[in-house]
Amino acid sequence: MGSHTDVVVVGAGAAGISAAYTLIGKGLEVIVVEATERIGGRCWTDLETFGVPYDVGAHWLHYGDRNFFLEYGKNNGFDLYPDARNFSLYKQNQRQPNGFSAIQNSHDEYWSAIQQAIDSNHDISVADATASLSSERISDFIYGPWIIGKEIHEFSVFEFSGPLGDSDWFCRQGFGTIVSHYGAKVPVSLKTKVNSIDWSGDRLKVKTNRGIIGTRAVIVTVSTGTLSGGGIQFSPNLPIAKQEAFHAVSMGCYEHVVLQFTEDSCLRQPDSYIIRMPDSTREGFGALANICNSGLTFCDIGGNLARELIPRGEEACIDYALGELVEIFGSSIRKNFIKGTASAWLEHPYTLGSYASAEPGAFQMRTTLNEPVAERIFFAGEACHSSMWATVAGAYASGQEVATKVSHSLR
């Protein structure tokens, strides 16, 4: 730990790593501090639990045509391949014909209703924009809890992803492995938690559990959950609008419940999506079976269901996910079950959620979130990116963009 530097970067996820590389490339002295014992942030591959790569956080390489990590992975020997989008749609335990077409039609109907609100510049909830649509609402589940990690009344229509088009990719070694490989040469002070940032004097003072760092500027890349929860104290307090932005671009709750099955399980087709439609008695259910042909199945939970299950513990999450698969495929699937685990980003003290989206009426607050304070405190991360929010690609791009702004301000 040095006592003085040009820039302190808080957080060594994709945004922090890309910011550090950009600043170093422009000849600035940088110290990167990370509260946990590893780099990568919410993009982390566990190699021990199942003996095969398991992405505890981000798994999909979204925005394949714009995702830095896709090209980086290809150039560095990683095994990457596109998502074939092989969907099976179930109504109760009956597989429906033309599953992907039904999902596409539901999406198109959704997008048409939402586009009307966007064209009218009405920053309302997705629930309000789609209130008049048909009763069989597959997209309520898919584009709410299963993708955004929130219920559809909890986020703005401007956060809707739009027409299906951008390609997604998978990495057999795990997305987190690519990010950690990319960041391996960045000098990071691990297990270094920032408690407060004092910007009252000529130089900022970043106070950590390992000492104080004097700096000309700081880039904060931690989650809006951490910021809204007071995980870092600022002295003097940040402007009210900035504090409001931390709360308005709020964290969703999206978790992987991961089940491992034997090779003779009915879940043999790699990277196949299983969607069970919601009905009057049950919420929707979604899974990605046999990810990367590893024997692991992601049974992802989000929104209210995740908020209910995560505090009850890992076993409750596993029981729920396995029970849903039994409902669809029958009790014989239990004999193929080996073991399971579940992420808990909702309870992680340095995230307090999975990724951020703007609440109804608050879409413009992302611009406020991205604005620097006194040209000395800057913010970056997935929550800050204007179009690729909630993704690792967006976090990387945000870090790079903000670091460029910092370098200009320090000239």
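Residues numbered from 1 in each chain as written. Predicted model: local features only at pLDDT ≥ 70, side-chain atom pairs only at ≥ 80, totals over all residues. Heavy atoms only, no water.

Moving on: the overall build of the protein. Summing up its helical and strand segments, the protein has 12 helices and 21 strands in all. By the compact-globule yardstick of 22 Å for 411 residues, the protein fits well, its C-alpha radius of gyration being 21 Å. Overall, the protein is about 65 × 50 × 40 Å in size when its C-alpha atoms are taken along their principal axes. Among the 411 residues that make up the protein, the fraction classed as buried is 57%. For the protein, long-range pairs separated by at least 24 residues make up 72% of all intrachain contacts whose partners lie at least 6 apart in sequence. Accessible surface, the protein as shown: approximately 16900 Å² in total, 49% of it carbon and sulfur. Charge centroids of the protein, computed over 32 positive and 45 negative side chains, lie 6 Å from each other. (Helix = DSSP H or I, 4+ residues; strand = E, 2+ residues; numbered from the N terminus. Rg over C-alpha atoms; globule rule 2.2 N^0.38 Å. Buried < 20%, exposed > 50% of the residue type's maximum accessible area, 1.4 Å probe, protein only. Contact = heavy atoms within 4.5 Å. Areas by Shrake-Rupley, 256 points an atom, 1.4 Å probe, with all protein chains shown as cover. Lys, Arg positive; Asp, Glu negative; His and termini not counted. Charge placed at Lys NZ, Arg CZ, Asp CG, Glu CD.)

Another aspect to go through is the packing of helix α1 (residues 14–25) against helix α12 (residues 392–409). Two packed helices can be described by the angle between their axes and the distance between those axes. In the contact formed by α1 and α12, the axes pass within 7 Å of each other and the chain directions differ by 35°. Considering only the axes of α1 and α12, their crossing is right-handed. Here α1 contributes Ala14, Ala15, Ser18, Ala19, Thr22 and Leu23 to the contact with α12, which in turn contributes Val392, Ala395, Tyr396, Gly399, Gln400, Ala403, Thr404, Val406 and Ser407. Residues belonging to the contact of α1 with α12 are distributed by class as follows: 9 nonpolar, 6 polar and no charged. (Axes fitted to C-alpha atoms, helices over the stretch in contact; angles between N-to-C directions. Left-handed = near helix turned anticlockwise from the far one by under 90°. Nonpolar A, V, L, I, M, F, W, Y, C, P; charged D, E, K, R; others polar.)

Moving on to the packing of aromatic side chains. The geometry of an aromatic ring pair is captured by two quantities: the separation of the ring centres and the angle between the planes. If you walk through the whole model with that rule in mind, you get 28 aromatic pairs. When the centroid spacing of 5.3 Å and the interplanar angle of 80° are considered together, the rings of tyrosine 72 and tyrosine 182 count as edge-to-face. Taken together, the residues tyrosine 72 in helix α2 (residues 68–75) and tyrosine 182 in helix α6 (residues 175–182) connect sequence positions 110 residues apart. The same class applies to tyrosine 72 as to tyrosine 182, namely buried. When the centroid spacing of 6.0 Å and the interplanar angle of 15° are considered together, the rings of tryptophan 111 and phenylalanine 160 count as stacked. Of this pair, tryptophan 111 sits in helix α3 (residues 99–119) while phenylalanine 160 sits in the loop between α5 (138–142) and β8 (169–171), and the two are 49 residues apart along the sequence. Members of the aromatic cluster, each reached through a chain of ring pairs, are Tyr21, Phe68, Phe69, Tyr72, Phe175, Tyr182 and Tyr396. (Phe/Tyr/Trp six-rings, centres within 6.5 Å; stacked < 30°, edge-to-face > 60°.)

A few words now on the environment of isoleucine 178. Inspection of the secondary structure assignment puts isoleucine 178 in helix α6. Put simply, isoleucine 178 and glycine 40 are 138 residues apart on the chain and 9.3 Å apart in space, counted from C-alpha to C-alpha. Those residues in contact with isoleucine 178, other than ones at most four positions away along the chain, are Leu61, Phe69, Tyr72, Gly73, Phe78, Leu80 and Cys171.

We now examine the side chain of threonine 5. Secondary-structure assignment places threonine 5 in strand β1 (residues 4–10). Accessibility expressed as a relative area gives 4% for threonine 5, which makes it buried. Among the polar contacts made by the side chain of threonine 5, one reaches the main-chain amide nitrogen of valine 30 at a distance of 3.5 Å. Apart from residues no more than four positions distant in its own chain, threonine 5 is found in contact with Glu29, Val30, Ile31, Arg203, Ile213, Gly214, Thr215 and Arg216. (Polar contact = N/O pair within 3.5 Å; in protein donor to acceptor, adjacent residues only side chain to side chain.)

Okay, the state of the cysteines next. Note on terminology: a disulfide is the covalent bond linking the sulfur atoms of two cysteines. With the rule as written, the count across this model stands at 0 disulfides. For the unlinked cysteine cysteine 43, the closest cysteine sulfur is that of cysteine 171, found at 9.6 Å. The cysteine cysteine 292 is free of any disulfide, with cysteine 171 supplying the nearest cysteine sulfur at 7.2 Å. You can call cysteine 292 buried: its relative accessible area is 14%. (Disulfide = S-S within 2.5 Å.)

Attention now goes to the sheet that holds strand β6 (residues 86–91). Across the sheet, 7 strands lie side by side as β7-β6-β16-β17-β18-β15-β19; this open sheet has mixed pairing. At either margin of the open sheet sits one strand with a lone partner, and together these are β7 (94–96) and β19 (337–342). With direction set aside, neighbouring strand axes in the sheet form an average angle of 25°. Pairing between strand β15 (residues 254–261) and strand β18 (residues 296–302): 7 bridges, direction antiparallel. Each bridged residue has a counterpart across the sheet, and for tyrosine 254 the counterpart in β18 is glycine 302. Its contacts with the sheet place α3 against β6, β7 and β16 (272–276), and it is angled at close to 85° to β6. Across the sheet, helix α10 (residues 314–329) is in contact with β6, β15, β16, β17 (285–289), β18 and β19; its angle to β15 comes to roughly 65°. (Pairing = 2+ DSSP bridges.)

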